[in-house]
Structures are given as C-alpha cells and as structure tokens.
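# Structural characterization, general
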Amino acid sequence: MNRMLIIAGACWLLSAGLSSHLHPNRYREGRSQDPRIVAEANESALARILGEFRTGMSDILFIKTERYLHSGVGYVPHLTEELLSVQGTDQGVDDHLSEIGEDADVFHHEENVETLLPAASKDYRGWIGQMHRKVKPWRDPDMAHKHTDGKELIPWFKMMTVSDPGYIRGYVIGAFWLKRYNSEASLEFIEEGLVHNPDAFQLHLSKGMLLMDKARQLANPGAIQWENPGQKEILLKAKASFQTAASLMYDVRPSPPAEGNISDLPEWGSYQETDARAAVNMAILFEERYGDPENVETLRKKYHPLFPNNPRLKIE
Amino acid sequence: MSLSWTHISLVVKSTLLEVQRRQDVWVLSMFMALFAVVALGARLSGDTTPATGTFMLNLGMSLAVFFAHALTVLLSVRQFPNEIEHRTVYPLLAKPLSRDSLLVGKWLACWMGGILTFLAFHLVALGVSPPAQPISGILHLQHLLVQVVSLAWAAGLGIACSLCLPRGLALGSTLICVYTGEALFRWLEDRLAIMAYVLPRFGSLNLATRLTDGVPPLGLLGMGGLLVYGSLWTLMSLALARRFWIWRSL
C-alpha cells in the first residue's frame, strides 16, 4: 500500500512544479480592469439592487473605501474620469483631506450626488424608508458630504490588491492616500504593484510623482531645487520612472480614430490620455534638466506625433 | 486493484438516487433560483447595459462554480462516514463488492452529481442573464472542461479527507482548500513561493472571470497545463483515499 503514498507524493511534487507556471487569471487587458466599464455597471439599477455584491472582491473593497470616506453613508458611485488619472487621484485626495470635519461650510466637489438610500421626497416606501434611513448611516444628499481622514481605508487598499494583484487603480489610489501619512510606505506600495504589473505605465508615473514629492520634502518650503544634491539623487530616480512610463505608454496607446477623439475608443479613456500626456511632459522636463539636449530632441521627435499640439514637444 | 464496472455502476446509481432524495441540491437550486429571478427581472425590465449583462453573466457563472463545488464537497465528505456510521458498509462489502469498486463508484457518483449541478446552473446563468458583451466560444469550452476536472478533484479530496479526519473537520478542511487555496497562493507567492506552489489551487481552474472579461482563450500549453494540474491533484486525492480506505479497519 505504500505504492499509493508514493503515487500521491509524486503527483504532489509534479503539481507543485506545474503550479509555478499556471497563471490563467493573470492578464492585463480584461474588461473588469477598465474603471469606466466598472463605473458603467455600477450605475445600473441592477448593481444598486445587488448593493455591494459585486463580481470582484477588489471592487467590493473599493466600494467599501468610498463608504469609509463618507462616514459610512452610501452615495451613488461618483468617480469622474478626471479623478481616475494619476494627477486627478492626487488632487482628489487633497480635496477630500481639505474637507474633513463635521459640517464644513464650503465643499469644492461632490455636490448633488444622490445617496443610495433615497431621500424622503423620493422614497415611495413611507415609514419603512424612514426607518431604513434611521438605522443605516444616511445624510441628506443636499447637505455637504461628511468626510473622514481616510486612515481607516488604507488597509482596504492593501486587501484589494492582495485579492487582485492586477488592480492598478487600487495601487495608485492607495499609494496617494498613504503618501499623506508615510511617504516611504507609499513608495513601497507602488513598488509592490510594479512587481505584479511591470508594464503598467500609470504605476511608473505614480512612482515618479511620489519620488518628486519625497524630494520636495527635503527642501523648505517644499520646492524642487534641481541642483540640490540630496534632491538630485531622488529626482534622478524619478526621471527614470517617468521615462519608463512614457516609453510603456508609447507601446500601448492606440492610434486615434480617423474621426473623433482618442478617448472615444473603448480601450483608451480620457484619464489614460491625461496620464499619457503627464508621462511625456515629465519625461521631457526631466531630460531637459538632467539629460542630454540631443536626447531631449529625440524624445520630442518620438512623442510629437502623439501630441502634435503639446508646446513641450515643439521640434526645433 | 480489483474493479468491477458492473458493481461500480450500481454504486453510482444508488449514490445518485440518494443525492436526489437529500435536500442539498434543492437548497442550492433555491439560491440559484433567487439569482435567476433578479437576472430575469433585469432582462425583462430592459434597464441594463452590456456591462451590466456581463456582470450578471459573470455572477451567474461564478455562482454555478461555487454551488457545484459546495455540493460535490458535501456529497463526498459524507459518503463513507455515513455508510460506516449506519453500518450499511458491511452488507455492501459482503455482496461481494470490493473496496476499490465502492471507492471508485462513490467518487464517480459525487463527481457526476457535481457536473450535473454545474451544467444545470451554468445553463441557468446563460439563459437568464441580460444581453452581455461578447465572449470567446473557445474559452467558454475551456472553462467547462477545466471545471469538470476541478469537480473530479473536489470529489476525490472530499473523500480522502473524510477517510482520515472526523466528519466536521474533513468538511471544513475540504471547503478551505476549495475556496481559499488560490487566495492563499497569491498571498504566499511573493513571501514563501515554495509553500505557495504546494497549495491546492482550485481557483486557477475557474476561468469564469477571464471569460467574461473578453480575454482571448488559453493556448494549448496553458490549457494542457491546467488539465494536467487538475488531474494530478485528482490522482493524488484518489491515491490517498485508497490508502486510507484499504487500511481502514471496519
């Protein structure tokens, strides 16, 4: 009967050897990784009926983070394309943090967003709806949103990237939240994302932006001093990240359609175009500062056909 | 190994009859019916986009995988402990029915029960989901094929665990392997790769999300690798089950 144990052991070893080569669910170009399609699905009545029961664990966790940010109140998903870009994310986090508090008077964004639990004027359920609004966190949609500082949601970003290491949005947004509390940890988080997604140009762009931020912290009052030795060391790393981002973007950006806008293409949203422009601008800016003038011209020639109206890409 | 196909087919038939009489299938069917009501409502109301249709299709296919595995594990884990507890194993073996035939028959019955449930639920998901974005027909077939292997593995693992562990522990261990193996693998892969590779990865045999994501089908090597991987684990589970079953004193 020991023969059975030998067979079992042999199968186990062979399957372990095979396991290292099997990654059928690790791919990049899937629909679920396009935030616009996820947003489209989330806007439907059906997705609202199903509440948080979404297909991907990472999406469930992402929705959780929105609730944490709004003191537990569920609002209709209101991520605009602008907020999906790397710079938009950074700005969005700043906006949130500037609006923490009980009842801030001025809110710069997120006005007129409906709550998932409807207001009394729009709720046909009468006293049941009234009770629902009492027992669940709820806030009149006409009132300014009550924002939390976002510390509690940082672990959720970690969990969503553990559940789906290809969830680039989780890495980018998580890193920019982390940056506010621990810049080293934010860089580590982006590095973790790069291990799983080495070709994601948004992650390289995010890394460059985070490194720039780190360099800024070395100066008072947070300015970039290109020749400051301490800053220069970090900025050179940022330069490498921006150039990788621009080069990877160049490989994946589709050709614009004959008529219409490139962001009309299903595979390329306006937030990706914003990131693409940022990657090229930063790559050239850093090459101008630290590189060779000939390289600057080469880069301009390379990227000019993509963005012919960009003044930074003017060919001499 | 002494196998009689007549005996095996009799064991399969009687076990499937018992499956039909129990409530598990009907309880799971009720859950699937709930999904069908929601999906049909969405389909009939017309308030859906192709993205929502894809989401519903993915949900339905994932539920089919989830429920079919749950049923297979529930069936496989209780087959032998029930026979031993009710002392019905003695007349069975006295028929004369060899221990190998009983083991293979029980395993085949659990596997077939799982396949039938999976196919029925999968068809429900396809039939009631609102119009979705296009999916690859070849990848769809690949998904069905690897799920068949995955259910064979789940049935074998459940039987092996039930023969070496108390019933509750066997059920818990098998369910943990089936539902959390892939998540544990992902978590361990960067930290302790050697430990990660020896874990059972049922999740790698679930191509539902890849399918609804509009990703191209797997190549020959990728598909062959998955089939061999699932088959190796099934063989390992059956070898262990046989070892525990043959050595077990009744």
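Note that the structure is a prediction, hence the values are computed from the model and not measured.

What counts and what doesn't
- Residues numbered from 1 in each chain as written.
- Chains lettered and ligands numbered in written order.
- Predicted model: local features only at pLDDT ≥ 70, side-chain atom pairs only at ≥ 80, totals over all residues.
- Heavy atoms only, no water.
- Helix = DSSP H or I, 4+ residues; strand = E, 2+ residues; numbered from the N terminus.
- Buried < 20%, exposed > 50% of the residue type's maximum accessible area, 1.4 Å probe, protein only.
- Contact = heavy atoms within 4.5 Å.
- Areas by Shrake-Rupley, 256 points an atom, 1.4 Å probe, with all protein chains shown as cover.
- Axes fitted to C-alpha atoms, helices over the stretch in contact; angles between N-to-C directions.
- Parallel < 35°, antiparallel > 145°, perpendicular 65-115°, else oblique.
- Left-handed = near helix turned anticlockwise from the far one by under 90°.
- Nonpolar A, V, L, I, M, F, W, Y, C, P; charged D, E, K, R; others polar.
- Salt bridge = Lys/Arg side-chain N within 4 Å of Asp/Glu carboxyl O.
- Polar contact = N/O pair within 3.5 Å; in protein donor to acceptor, adjacent residues only side chain to side chain.
- Core = buried A, V, L, I, M, F, W, Y, C linked by side-chain atoms within 4.5 Å.
- Expected span 1.5 Å × (residues − 1).
- Phe/Tyr/Trp six-rings, centres within 6.5 Å; stacked < 30°, edge-to-face > 60°.
- Lys NZ or Arg CZ within 6 Å of the ring centre and 35° of its normal.
- Patch = residues over 30% accessible without salt bridge, like charges linked within 9 Å, V, L, I, M, F, W, Y side chains within 5 Å.
- pLDDT = per-residue confidence, 0-100.

### What about the overall build of chain A?
Helix and strand counts for chain A stand at 14 helices and 0 strands. Secondary structure of chain A in N-to-C order comes out as α-α-α-α-α-α-α-α-α-α-α-α-α-α. Expressed as a percentage of its 316 residues, the buried residues of chain A come to 48%.

### Considerations on the overall build of chain B
Broken down by element type, chain B carries 10 helices and 0 strands. Starting at the N terminus and ending at the C terminus, chain B contains elements arranged as α-α-α-α-α-α-α-α-α-α. Scored against the burial criterion, the 250 residues of chain B give a buried share of 51%. In chain B, the proportion of contacts linking residues at least 24 apart, taken out of those at least 6 apart, comes to 84%. Carbon and sulfur atoms make up 72% of the accessible area of chain B, which amounts to about 10700 Å² in all.

### Regarding the packing of helix α12 (residues 229–252) of chain A against helix α14 (residues 293–303) of chain A
Residue and element names in this part refer to chain A. At a minimum axis separation of 11 Å, α12 and α14 run at an interaxial angle of 30°. Classed by the angle they form, the pair α12 and α14 counts as roughly parallel. For the crossing formed where α12 meets α14, the hand is left-handed. For the pair α12 and α14, contact is made by Gln243, Ala246, Ser247, Met249 and Tyr250 and by Leu299, Lys302 and Tyr303, respectively. Classifying every residue of the contact of α12 with α14 gives 5 nonpolar, 2 polar and 1 charged.

### Examining the interface of chain A and chain B
A common way to state how big an interface is: give the accessible area lost once the parts meet. Listed by partner, the interface residues are 40 residues for chain A and 51 residues for chain B. At the boundary of chain A with chain B, the tally comes to 0 salt bridges. On inspection of chain A and its partner chain B, the count reaches 7 residue pairs in polar contact (both at pLDDT 80 or more). Sorting the residues of the side of chain A that touches chain B by element identifies α1 (2–19), α2 (35–43), α3 (45–49) and α8 (154–163) of chain A as the ones contributing at least two each. Looking at the side of chain A that touches chain B element by element, the count peaks at 12 residues for α1 of chain A.

### Some thoughts on the pattern of salt bridges
Residue and element names in this part refer to chain A. Counting across every chain of the model gives 17 salt bridges over all chains. The closest approach of N and O atoms between Lys207 and Glu191, which form a salt bridge, is 2.8 Å. Highlighted residues: Lys207 in helix α11 (residues 201–216) and Glu191 in helix α10 (residues 183–196), separated in sequence by 16 residues. The class for Glu191 is partly exposed, based on a relative accessible area of 34%. One salt bridge connects Glu227 with Lys232, and the closest N-O pair in it is separated by 3.9 Å. Assessed through its relative accessible area of 56%, Glu227 is described here as exposed. Through salt bridges that share partners, Asp123, Arg125 and Arg133 make up one connected network.

### Here's the deal with the nonpolar core
Core analysis: the largest hydrophobic core is formed by 58 residues, its most contacted members being Phe157, Trp177, Phe242, Met249, Val280, Phe286 and Tyr303 of chain A. No other element matches the 10 residues that helix α13 (residues 270–290) of chain A contributes to this core. Once you skip the residues sitting within four places of it in the chain, Phe157 of chain A turns out to touch Phe62, Thr65, Gly170, Ile173, Gly174, Trp177 and Phe189 of chain A. With 43 residues, the next largest nonpolar core counts Ile8, Val19, Ala68 and Leu102 of chain B among its residues.

### Observations regarding the side chain of Glu297 of chain A
Here Glu297 of chain A shows up in helix α14. By relative accessible area, which is 17% here, Glu297 of chain A ends up buried.

### Considering α12 of chain A
All names here are of chain A. If you check α12, its first and last C-alpha atoms are 35 Å apart, about what 24 residues at 1.5 Å a residue would give, namely 34 Å. Taken together, the buried positions of α12 are occupied by Gln231, Ile234, Leu235, Ala238, Lys239, Ser241, Phe242, Ala245, Ala246, Leu248 and Met249. For α12, the secondary structure elements touched by its buried residues are α11, α13 and α14. Capping of α12 at its N-terminal end is provided by Asn228; its side-chain oxygen lies 2.9 Å from the backbone amide nitrogen of Gly230.

### Examining the packing of aromatic side chains
Summed over the entire model, instances satisfying the criterion amount to 15 aromatic pairs over all chains. Three or more aromatic residues joined by ring pairs form one cluster here, namely Phe31, Phe66, Phe67, Phe121 and Tyr179 of chain B. Residue placement shows Lys302 of chain A over the ring face of Tyr250 of chain A; its charged tip is 4.8 Å from the ring centre. Stacked on the ring of Trp245 of chain B, the Lys or Arg Arg99 of chain B has its end atom at 5.1 Å from the ring centre.

### Section: unusual backbone geometry
Residue and element names in this part refer to chain B. The phi dihedral of Arg87 is positive, around 60°, even though this residue is not glycine. Examined against the element boundaries, Arg87 turns out to sit in the loop between α3 (50–85) and α4 (89–93). Residue Arg87 is classed as exposed on the basis of its relative accessible area of 56%.

### Considerations on a nonpolar patch on the surface
Residue and element names in this part refer to chain A. Together, Trp127, Ile128, Met131 and Val135 make up an exposed nonpolar region whose accessible area comes to about 470 Å². Mapping Val135 onto the fold places it in helix α7 (residues 127–135). Judged by its relative accessible area of 63%, Val135 is exposed.

### What about the confidence of the model for chain B?
The pLDDT averaged across chain B works out to 88; a share of 98% of its residues lies at or above 70. Across the assembled chains, the prediction reports ipTM 0.85 with pTM 0.64.

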